[in-house]
Amino acid sequence: MTCKIFIRSVFNSTARLISRSTFVKPNNVIPIRFLSITSNSRNATIIKNAKWQNTECLHHRIFPPVESFTGGSRSFSSSSADVTLLKKRASKKRYASEIDPENMDEGHFTVIAYATAKEYDLEQLKMALLGEKLYIPQKLVDVDMPDVLFATAKYKIGLEPRQIFFFREGSVVFWNCSELESSNVLLFLKSFEEDSYKERVVFREREIMAYKYQESGKKCQLQGSTFLLSHEPDNLLEKYTFSNAMTQSVKLGVWENTLDDYADSLANVTEVLESGAPIKMTRAEILRKAGALFALRHHINLDSDLLDTPDFYWERAELERIYGITINYFSLARRTRVLNEKLSHCAELVELVGAQLSDHHHVRLEWMIIILIMVEVGFETLHFVERYWEYLQ
């Protein structure tokens, strides 16, 4: 009698455990529509000069592709070729597409900004520039500015100086430098980069503007795609302000590309969820994707000045005005807002997939417990039969 009560209690507890188990069935999966988190990269700057169009081989030679890109890994096993993606990006104003760096009007000069890496080692870069003796590092203001390095070309070509601003955040801005000179400097910079970006991203997300000098006494302005600088000898801070805003734009463009690649790696997850098929991703892969997503959000919202005006301009009202009109020109506020919305959509999708994988993991654990209980019940039944048989003997 005692053994019967024990067996009945074991089977009752097993039945309760099975009834409490959560089984994920294909028909019960709620389809979640992924609302176009992918976005089409903005068109690269159109250069009409045929000479510049034929320099693709030169770019591959002096600026080889770097594979250590921070985009999401394409670890999903299904092919994304069958999925049609709706891609749209909040574009910035594109007056700069009409600028031909090799064929400027008289009195107009070019400004080109690149974002080539996550960060530069400015201290080592400064020592290397001093050793090369081609560019002379200089101070912009009396205040210490450790996150920017300004250099002027030692040998002049014409009356207008050639100047470069190096920003620690991995961006560089060339003032009145030719394409060949810029490419050579980019090649030189690779030794001081941390986490370099791909070549296609660097050149596609660059910014090309023009600048010229206006009559004395007029304020510095932005007219279309042209910076109107004052003729004052101390206009370096105006150039720095324009450069700072341009670097924000190119850096944001690189992050937009990073999110594009990340979204592409998850493009067919929604199709799998909608069809009810099992997700062929591991919990470790989802954890890595979640980490990459939050790292990108951290860079955009905490490590950059996209959400606020840099402290440098708080006591410089005129420079703050210049910075404000420039970031408005590049639509930084709107692009940042759209990018954060896409990041939220990506986070929701990753969270959903993680929850599904966790449910499957919990179900497997519960089945393992059930099987172990059934094995124990089987052994106890055999022992009871043996003891009963011995009792009959």
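Residues numbered from 1 in each chain as written. Predicted model: local features only at pLDDT ≥ 70, side-chain atom pairs only at ≥ 80, totals over all residues. Heavy atoms only, no water.

So, about the layout of surface pockets. What the largest pocket holds in volume is close to 940 Å³. Lining the largest pocket are 34 residues, with Arg168, Glu169, Asp303, Ser304 and Asp305 positioned closest to its centre. With 7 residues, the single largest contributor to the lining of the largest pocket is helix 7 (residues 236–265). Grouping the amino acids of the lining of the largest pocket by side-chain chemistry returns 14 nonpolar, 8 polar and 12 charged. (1 Å grid on protein atoms, 1.4 Å probe; cavity = no way out; pocket = protein on both sides within 12 Å on 5 of 7 lines; lining within 4 Å. Points joined across faces, edges and corners; volume = space filled by probe spheres on them. Helix = DSSP H or I, 4+ residues; strand = E, 2+ residues; numbered from the N terminus. Nonpolar A, V, L, I, M, F, W, Y, C, P; charged D, E, K, R; others polar.)

As for its placement among the helices and strands, Gln248 is situated in helix 7. In contact with Gln248, not counting residues within four places along its chain, are Glu169, Asp305, Leu306, Tyr323 and Leu332. (Contact = heavy atoms within 4.5 Å.)

Turning to helix 9 (residues 283–301), a few remarks are in order. If you check helix 9, its first and last C-alpha atoms are 27 Å apart, about what 19 residues at 1.5 Å a residue would give, namely 27 Å. Every buried residue belonging to helix 9 is among Glu285, Ile286, Lys289, Ala290, Leu293, Leu296 and Ile300, and all of these are buried. Looking straight down helix 9, one finds its buried side chains confined to an arc of 135 degrees; they lie on one side. For helix 9, the exposed residues set more than 90 degrees away from the buried face come down to Leu287 and Arg288. (Expected span 1.5 Å × (residues − 1). Buried < 20%, exposed > 50% of the residue type's maximum accessible area, 1.4 Å probe, protein only. Arc of directions from axis to C-beta.)

This part takes up the pattern of salt bridges. If you walk through the whole model with that rule in mind, you get 9 salt bridges. Across the salt bridge formed by Glu160 and Lys239, the nearest N and O atoms sit 3.6 Å from each other. Of the two residues, Glu160 sits in the loop between strand 4 (148–153) and strand 5 (163–167) while Lys239 sits in helix 7, which places them 79 residues apart along the sequence. Glu181 is the partner of Arg162 in a salt bridge, and the nearest nitrogen-oxygen pair spans 2.9 Å. Here Arg162, found in the loop between strand 4 and strand 5, pairs with Glu181, found in helix 5 (residues 179–189); they are 19 residues apart in sequence, far enough to count as distant. We note that Arg162, like Glu181, is buried. (Salt bridge = Lys/Arg side-chain N within 4 Å of Asp/Glu carboxyl O.)

At a closest axis distance of 9 Å, the pairing of helix 7 and helix 10 (residues 317–329) adopts a crossing angle of 30 degrees. Helix-helix and strand crossings are classified by hand; for helix 7 and helix 10 the assignment is right-handed. On helix 10, the residues touching Leu237, Glu238, Thr241, Phe242, Asn244, Ala245 and Gln248 of helix 7 are Leu319, Ile322, Tyr323, Thr326 and Ile327. Looking at side-chain class alone, the contact of helix 7 with helix 10 contains 7 nonpolar, 4 polar and 1 charged residues. (Axes fitted to C-alpha atoms, helices over the stretch in contact; angles between N-to-C directions. Left-handed = near helix turned anticlockwise from the far one by under 90°.)

All right, on to unusual backbone geometry then. Of note in this structure, Lys133 is not a glycine but carries a positive phi near 60 degrees. The topology assignment puts Lys133 in the loop between helix 4 (122–132) and strand 3 (135–138). Positive phi values are uncommon outside glycine, yet Asn176 reaches one of about 60 degrees. With respect to the helices and strands, the residue Asn176 is situated in the loop between strand 6 (171–175) and helix 5.

Our next topic: the pairing of strand 1 (residues 109–115). Extensive coverage of strand 1 is indicated by the burial of 6 of its 7 residues. Inspection of the sheet shows strand 1 paired to strand 8 (residues 207–213) by 5 bridges, in the antiparallel sense. Bridge pairing in strand 8 links Ala113 to Glu207. As defined by bridge partners, strand 1 adjoins strand 6 across 5 bridges and the pair is classed as antiparallel. Bridge pairing links Ala113 to Val173 in strand 6. (Pairing = 2+ DSSP bridges.)

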